[in-house]
Every structure is written in structure tokens, then in C-alpha cells.
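# An overview of the molecular structure
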Amino acid sequence: SILSSQVIKASTMPWTGAHAVCLTECPWSSLISHTQQYSCYGLGFNKHSVYAKHGGPAYYLRPDHLKKQMNNQKFDKHLWPFVTPFSPIYRPKHMKGQYFPTVDFSHEREWRVPHDYPFTLDDVKFVVIKRTQDLAMFPQSLVNAIGIEKFIIMENYKFIDNRSMLTEVNDVGEEIT
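The sections below set out a description of the structure shown in this document. Treat the numbers as computed from the prediction; the structure is a model and nothing was measured. (Residues numbered from 1 in each chain as written. Predicted model: local features only at pLDDT ≥ 70, side-chain atom pairs only at ≥ 80, totals over all residues. Heavy atoms only, no water.)

Pairing is mixed across the open sheet formed by three strands, whose spatial order is β4-β10-β11. A strand with exactly one partner marks an edge of an open sheet, and here the two such strands are β4 (42–44) and β11 (151–153). This sheet shows a mean twist of 25° between the axes of neighbouring strands, independent of strand direction. As defined by bridge partners, strand β10 (residues 126–129) adjoins β11 across three bridges and the pair is classed as parallel. Each residue of the ladder has a partner; that of V128, found in β11, is I152. (Pairing = 2+ DSSP bridges. Helix = DSSP H or I, 4+ residues; strand = E, 2+ residues; numbered from the N terminus. Axes fitted to C-alpha atoms, helices over the stretch in contact; angles between N-to-C directions.)

In this fold, I129 is placed in strand β10. Measuring from C-alpha to C-alpha, the distance between I129 and S39 comes to 9.0 Å, with 90 residues separating the pair along the chain. The contacts of I129, once residues within four sequence positions are left out, are C40, Y41, D134, L135, F138, F151, I152, I153 and M154. (Contact = heavy atoms within 4.5 Å.)

To continue, consider the layout of surface pockets. Quantified by volume, the largest pocket comes out at close to 1100 Å³. Lining the largest pocket are 38 residues; nearest its centre among them are C22, L23, T24, H34 and L43. Contributions of two or more residues to the lining of the largest pocket are made by β3 (19–24), α2 (31–37), β4, α3 (47–52), β7 (83–85), β8 (110–113) and β10. For the lining of the largest pocket, the per-class residue count stands at 23 nonpolar, nine polar and six charged. Lining the second largest pocket we find 13 residues, and of these S1, I2, L3, L43 and F138 sit closest to its centre. Residues belonging to the lining of the second largest pocket are distributed by class as follows: ten nonpolar, three polar and no charged. (1 Å grid on protein atoms, 1.4 Å probe; cavity = no way out; pocket = protein on both sides within 12 Å on 5 of 7 lines; lining within 4 Å. Points joined across faces, edges and corners; volume = space filled by probe spheres on them. Nonpolar A, V, L, I, M, F, W, Y, C, P; charged D, E, K, R; others polar.)

On to the pattern of salt bridges, then. The final tally for this structure, using the stated rule, is seven salt bridges. Among the ionic pairs, D116 bridges to K9, the shortest N-O distance being 3.8 Å. In this pair, D116 sits in the loop between β8 and β9 (117–118) while K9 sits in the loop between β1 (7–8) and β2 (11–12), placing the two residues 107 residues apart along the sequence. Judged by relative accessible area, which is 60%, K9 ranks as exposed. Between R109 and E25 there is a salt bridge, and its shortest N-O distance comes to 3.3 Å. (Salt bridge = Lys/Arg side-chain N within 4 Å of Asp/Glu carboxyl O. Buried < 20%, exposed > 50% of the residue type's maximum accessible area, 1.4 Å probe, protein only.)

Listed below in C-alpha cells is the structure:
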């Protein structure tokens, strides 16, 4: 439905109440764990496109700094969609039980857009789907418009990422299985 509407709707950020679309700058090596935590379905865009629509990296702030900003309302309202507390498990004892529970999304390298994110199908750099059957059920018009080569099938990706697989190459450069 997102591809049909060509809009990702902003949601409410739990810490500030601001609205934003949340994206990740997830490295390829983390894609499997990211899809296990959130979803095996997603869309990829380039940074240029996101930045051009007022997006940028999230701001992770120590809880004590964030609380001071919240109490004094020192942040401009345009910054609130980007703010998240940073309260890692290794925070000092005196900070545990204060401010916020453990909050550490720094591994996600999160980006945010402070409003709904409209896009065109040309903006879509890849589509992440769970299994081959999902591609068969996808509307053909969307597959054609996006390009079948841009679909990343997680069941295949997991198979390729399996580190126990070895490939041997003989002395003339041919793979031996």
C-alpha cells in the first residue's frame, strides 16, 4: 500500500511527541538482524533524496541533557522530530532508574524526516521482501515500474550470508561446488 500511495506516513516519536518518518542507514551486514527485529519488508532510498526532503540523522542525547532541554524548552520545534534519548546499558549507576529506561538505537544509524515522506517509484532504490512467493504476489505494474532487479528477497539474502558456505576456485578461475 505504501508503494501504491507513494507516501510513508509520519508517526509520533515516543520521547518528544513530534511526528517523523524513521529510516535506518543499516549496513548490509546488519540487514538480517534488522529485519528480524522489525520486519522483512522495507523500502530503500538514497541519502540525497531523504536529505532533500528535510531528512537527516537522528540526534541521540544523554538523558540528563535531554531532560534539561525538555524542561527549559530550549530546542527549536523543528529539531524535536530528530531527538531521541541515549541511555545505554553501560550508563553510570546514578543514571539508572532516572530519566529513561535503557534506550540505545545508535546501532541503527537512524535518519528521520519530520513529516510524511512522499516519493516516486523512481526514488525507490530497492525493495526488501521476505520470500520469493511475495514477489509472485506483487502487482506486476509495480514490479515493472520499480525493476525486478531492485527486489531483495530475504530468504535468499540469508542463504547467501550463511558464513558456513565455502566456494573453491580452481587454478583457471572456475568455481567448484
